[in-house]
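# Survey of secondary and tertiary structure
Okay, here's what each chain looks like letter by letter:
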Amino acid sequence: MKTNNTDFLVTKEYRFFEEFCEACKRDKYIGICFGPPGVGKTLSARHYSKWNEIEAIDPFSESSKYWPELADRKTVFYTAPVSNTPKKIDDNLNDGFFKLRAAVYYSNKFKENEMGEENSCELVIVDEADRLTLSSLEHLRDRYDQGNFGLIVIGMPGIEKKMSRYPQFYSRVGFSHPYNPLSEEEMEFVLQHHWEKLGLSLSLEDFTDKEAMASVIRVTAGNFRLVNRLFSQIQRIMKVNTLSSITK
Ligand SMILES: Nc1ncnc2c1ncn2[C@@H]1O[C@H](COP(=O)(O)OP(=O)(O)OP(=O)(O)O)[C@@H](O)[C@H]1O
Ligand SMILES: [Mg+2]
């Protein structure tokens, strides 16, 4: 997974997403989350489920790191592969459940308990759900019906309409959640962070900074991916030209 080594910023949209996940988990509903590319859906889901840490655990290695913070994890994160069949979905989901069990086990490593067989998962988040074929979706619904977990599918805008064409799946949907780009005020918070990462300080009283910030907000339209890419370019241009400030 490409993370570009970015620090995760807890934004208002992330807070909404977190609340949405909690609701789907609590009520064991199906939830649909949709938003344009690059706004942070995948990163938010990974952060919520702590999946980067869970994935890093090697269940077969006794020397695996001890992760006490994973003790209360109840979420499996799964990226639907480009080519998917019900069998593949099944195997991958079982894999996810196993990884979660292993994570909970390793979080209690020094308590000497056995790694249980029981599935502790209460929520499954399926990313890139636009890729799911009808039979894979049907299969997912069947797993959801048999299991005791909530299910969230993440996709591009329009996925909610696509799902509405499958009445059985759609009738189980409890919540629908649009993931929006950053608002202008929040962009100020994010840009502050980026300025600092370049060793600069952003002052709203300084006209040059304010002008540069307004340009960044305009060209990126609150899209996280565009902001990060733009700042990689800014960093490079500053280095090549030995500049010490960001201008419009
Ligand atoms: N909360 C955040 N804090 C810091 N960076 C973020 C955050 N959210 C997203 N980003 C940045 O934006 C990039 C794109 O995010 P992400 O992959 O989650 O978007 P997405 O909505 O899943 O897009 P797509 O629909 O194309 O899959 C990330 O690689 C990361 O650099
Ligand atoms: Mg994504």
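Residues numbered from 1 in each chain as written. Chains lettered and ligands numbered in written order. Predicted model: local features only at pLDDT ≥ 70, side-chain atom pairs only at ≥ 80, totals over all residues.

## Focus on the site of ligand 1
Among the 17 residues in the neighbourhood of ligand 1, the closest are listed as Pro37, Gly40, Thr42, Leu43 and Phe224. Listing elements by their share of the shell around ligand 1, those giving two or more residues are helix H2 (41-49) and helix H10 (224-240). When the residues that make up the shell around ligand 1 are grouped by side-chain class, the tally is 7 nonpolar, 8 polar and 2 charged. Residues from two domains meet in the shell around ligand 1; each of domain 1 (12-178) and domain 2 (184-240) gives at least three. (Near = placed C-beta within 6 Å. Helix = DSSP H or I, 4+ residues; strand = E, 2+ residues; numbered from the N terminus. Nonpolar A, V, L, I, M, F, W, Y, C, P; charged D, E, K, R; others polar. Domains from an automatic or database assignment.)

## Remarks on the sheet that holds strand S1 (residues 30-34)
Note on sheets: strands pair through backbone hydrogen bonds, and any given pair is parallel or antiparallel. Pairing within the open sheet is parallel, and its 5 strands lie in the order S2-S3-S4-S1-S5. The open sheet terminates on both sides in strands that have one partner only, identified here as strand S2 (75-79) and strand S5 (173-178). The mean inter-strand angle of the sheet, taken between neighbouring strand axes irrespective of direction, is 15°. Sheet topology places S2 next to strand S3 (residues 123-127); 5 bridges connect them, and they run parallel. Within S3, the position partnered with Phe77 by the bridge is Ile125. (Pairing = 2+ DSSP bridges. Axes fitted to C-alpha atoms, helices over the stretch in contact; angles between N-to-C directions.)

## Side note on the nonpolar core
Ranked by size, the top nonpolar core spans 50 residues in total, and within it Cys33, Leu123, Val124, Ile125, Val126, Ile152 and Ile154 carry the most contacts. Of the residues forming this core, the biggest block, 6 residues, is contributed by helix H4 (residues 86-107). With residues up to four places along the chain from it excluded, the contact list for Val124 reads Val76, Tyr78, Phe149 and Leu151. (Core = buried A, V, L, I, M, F, W, Y, C linked by C-beta atoms within 7 Å. Buried ≥ 20, exposed ≤ 12 C-beta atoms within 10 Å, placed from the backbone. Contact = placed C-beta atoms within 7 Å.)

## So, the domain arrangement of the protein
Looking at the protein, the domain boundaries give domain 1 (12-178) and domain 2 (184-240). Taking only C-alpha atoms into account, the centre of domain 1 sits 33 Å from that of domain 2. Taken together, the residues of the side of domain 1 that touches domain 2 sort by class into 1 nonpolar, 2 polar and 1 charged.

## Re unusual backbone geometry
Notably, Lys50 is not glycine yet its phi reads approximately 55°, a positive angle. Within the fold, Lys50 resides in the loop between H2 and helix H3 (51-56). Under the C-beta neighbour-count criterion, Lys50 is labelled partly exposed, with 17 such atoms within 10 Å. Here the phi dihedral of Thr242 falls at roughly 40°; this positive angle occurs in a residue that is not glycine. When you line up the elements, Thr242 lands in the segment after H10. Thr242 sits in the exposed class, given 6 other C-beta atoms within 10 Å.

## Topic: the confidence of the model for the protein
Confidence along the protein averages 89 in pLDDT terms, with 92% of residues attaining 70 or more. Least confident of the elements in the protein is H4, whose mean pLDDT is 89; most confident is S3, at 98. (pLDDT = per-residue confidence, 0-100.)

## What to know about the environment of Pro37
Relative to the elements of secondary structure, Pro37 occurs in the loop between S1 and H2. Owing to 11 C-beta atoms within 10 Å, Pro37 belongs among the exposed residues under this scheme. Taking C-alpha positions, Pro37 is 9.6 Å from Pro181, a pair spaced 144 residues apart along the chain.

## Observations regarding the pairing of strand S4 (residues 150-155)
Within S4, 6 of the 6 residues are buried, leaving the element largely enclosed by the surrounding structure. Side-chain alternation along S4 places Gly150, Ile152 and Ile154 on one buried face and Leu151, Val153 and Gly155 on a second face that is also buried. Of the pairings in the sheet, the one linking S1 to S4 comprises 5 bridges and is parallel in character. Pairing of Gly31 across the sheet is with Ile152, part of S4. By the bridge criterion, 4 bridges tie S3 to S4 in an arrangement that is parallel. Within S4, the position partnered with Val126 by the bridge is Val153.

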